[in-house]
Amino acid sequence: MKLMAIFRRYGWFGSFRLACDMLHTRCLFPRARLVRRPAYVRGAAHIAYGRGLTAGVGLRLDAFPRDGATQACIEFGDDVQLNDYVHIGAVESVRIGNRVLIASKVFIADHNHGGYGRDHHDSPQVPPAERPLRHAPVAIEDDVWIGEFAVVLPGVRIGRGAVVAAAAVVTRDIPPYAVAAGNPARVIKRYNFESKAWEPANSDGG
């Protein structure tokens with residue numbers, strides 16, 4: 001009965017592809033629920049997977065810890081869902097909490113080629129690939145929802161239950177239970193637990 005429901009939903013070709021994806025998952029990602037092919041993983045020894053990971057097609061994970069470090073620099077909590085073409089790159093630390101939902105074509109990185117302000121000012125006369133990597137840890141807490149085409153840049157913490165709008169560019173911390181949008185992303189709403197409603201951020205001076 002369950003098989004017939006799968007055939008009705010995906011068709012014969014889709015069902016065959018799903019079966020191949022399940023076999024691929026069991027062999028390469030045994031703790032995951034489903035990782036669809038193709039998936040591109042570099043530095044697999046430096047990635048820690050929680051239980052129940054679900055990933056769409058085109059997942060790309062790049063984990064290259066600096067200075068010979070051996071610990072995981074990409075870490076997933078339990079029941080994380082990644083949609084198609086999510087790209088996560090880390091040389092220090094990207095931590096993703098439990099039940100995080102990430103839409104398609106989201107980019108998350110803890111590093112840049114060169115520095116462009118604040119403490120570092122690398123010369124544009126140096127080819128980008130030769131500029132030193134500047135890095136800072138990224139933390140995405142439990143129950144965060146990140147919309148399509150969003151970008152999360154180094155040194156950012158996204159608080160529990162926060163929502164990042166589609167196409168937002170996150171350059172600084174987002175507090176828990178807030179909605180952030182824009183480029184650069186800014187908080188536009190906060191959840192009021194007393195009224196049980198999302199309210200404009202400026203309604204409480206935020």
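See the structure printed just above.
Description of the structure in this document.

Comments concerning the environment of Val100
Now for step 1: Summarising the element assignment, Val100 is placed in the loop between strand S9 (94-96) and strand S10 (101-102).
Now for step 2: The spatial distance from the C-alpha of Val100 to the C-alpha of Arg160 is 9.4 Å, given a sequence separation of 60 residues.
Now for step 3: Once residues within four sequence positions are removed from consideration, Val100 is found in contact with Asp79, Val80, Gln81, Ile140, Glu141, Asp143 and Val144.

Description of the sheet that holds strand S11 (residues 107-109)
Now for step 1: Taken in spatial order, the 6 strands line up as S2-S5-S8-S11-S18-S21 in an open sheet, and their pairing is parallel. Among the strands making up the open sheet, the edge pair consists of strand S2 (39-42) and strand S21 (169-170).
Now for step 2: Sheet topology places strand S18 (residues 151-152) next to S21; 2 bridges connect them, and they run parallel. Residue pairing in the sheet places Val151 in a bridge with Val169 of S21.

Regarding the pattern of salt bridges
Now for step 1: Applying the stated rule across the entire model yields 10 salt bridges.
Now for step 2: Salt-bridge contacts for Glu75 lead to Arg95; the nearest nitrogen and oxygen are separated by 3.1 Å. With Glu75 in strand S6 (residues 74-76) and Arg95 in strand S9, the pair connects residues that are 20 residues apart, well separated along the chain.
Now for step 3: For Glu75, a relative accessible area of 33% puts it in the partly exposed group.
Now for step 4: You can call Arg95 partly exposed: its relative accessible area is 26%.
Now for step 5: When salt bridges that share partners are traced, they join Arg99, Asp142, Asp143 and Arg160 into one network.

Brief notes about a nonpolar patch on the surface
Now for step 1: Together, Tyr177, Phe193 and Trp198 give the surface a local cluster of nonpolar side chains, amounting to about 310 Å² of exposed area.
Now for step 2: For Phe193, the position within the fold is in the loop between strand S23 (186-192) and strand S24 (197-200).

Let's talk about the pairing of strand S22 (residues 178-181)
Now for step 1: Where strand S20 (residues 163-164) and S22 come together, 2 bridges link them in parallel fashion. Each bridged residue has a counterpart across the sheet, and for Val163 the counterpart in S22 is Val179.
Now for step 2: As paired strands, S22 and S23 are joined by 4 bridges and run antiparallel to one another. Note that in S23 the partner of Ala180 across the bridge is Val187.
Now for step 3: The loop that links S22 with its antiparallel partner S23 comprises 4 residues; one of these, Gly182, has a positive phi angle of about 100°.

As for the nonpolar core
Now for step 1: In this structure, Phe76, Ile146 and Ile158 are the most contacted members of the largest nonpolar core, which totals 42 residues.
Now for step 2: If one sorts the elements of this core by residue count, strand S5 (residues 59-63) sits on top with 3 residues.
Now for step 3: Ile158 has contacts with Ala139, Ile140, Glu141, Val144, Ile146, Val152, Val164 and Ile174, leaving out every residue within four places of it along the chain.

Some thoughts on unusual backbone geometry
Now for step 1: Across the junction of Arg37 and Pro38, the peptide omega takes the value -5°, indicating a cis bond.
Now for step 2: As for its position among the elements, Pro38 is in the loop between strand S1 (34-35) and S2.
Now for step 3: Asn183 connects to Pro184 through a cis peptide bond whose omega is -5°.
Now for step 4: Within the secondary structure layout, Pro184 lies in the loop between S22 and S23.
Now for step 5: Positive phi is not limited to glycine here, since Lys105 has a value of about 60°.
Now for step 6: Summarising the element assignment, Lys105 is placed in the loop between S10 and S11.
Now for step 7: The phi dihedral of Ala167 is positive, around 70°, even though this residue is not glycine.
Now for step 8: Judged by its relative accessible area of 47%, Ala167 is partly exposed.

What counts, and where the lines are drawn
Positions within a chain are numbered from 1, following the residues in the order the chain's sequence is written. Given that the model is predicted, a residue must reach a pLDDT of at least 70 before its local features are reported, and side-chain atom pairs must reach 80 or more before they are shown or counted; all residues, however, enter totals for whole chains, interfaces and linings. Water and hydrogen atoms were dropped before computing side-chain values, which therefore reflect all heavy atoms in the structure. In this description a helix means any DSSP run of H or I spanning at least four residues, a strand means any run of E spanning at least two, and both kinds are numbered starting from the N terminus. Whether two residues are in contact is decided by their heavy atoms, any of which lying within 4.5 Å being enough. Strands were regarded as paired on the criterion that DSSP finds at least two bridges between them. Here a salt bridge means any side-chain nitrogen of Lys or Arg lying within 4 Å of a carboxyl oxygen belonging to Asp or Glu. Residue burial is assigned from relative accessible area. The probe radius is 1.4 Å, only protein chains are included, and a residue is buried under 20% of its type maximum, exposed over 50%, and partly exposed in between. Patch building starts from residues that exceed 30% relative accessible area and form no salt bridge, then joins like charges within 9 Å and nonpolar side chains (Val, Leu, Ile, Met, Phe, Trp, Tyr) within 5 Å. Values of accessible area rely on a 1.4 Å probe in the Shrake-Rupley scheme; residue burial ignores everything except the protein chains shown. Grouping buried Ala, Val, Leu, Ile, Met, Phe, Trp, Tyr and Cys residues that are joined through side-chain atoms within 4.5 Å yields what is termed a nonpolar core.

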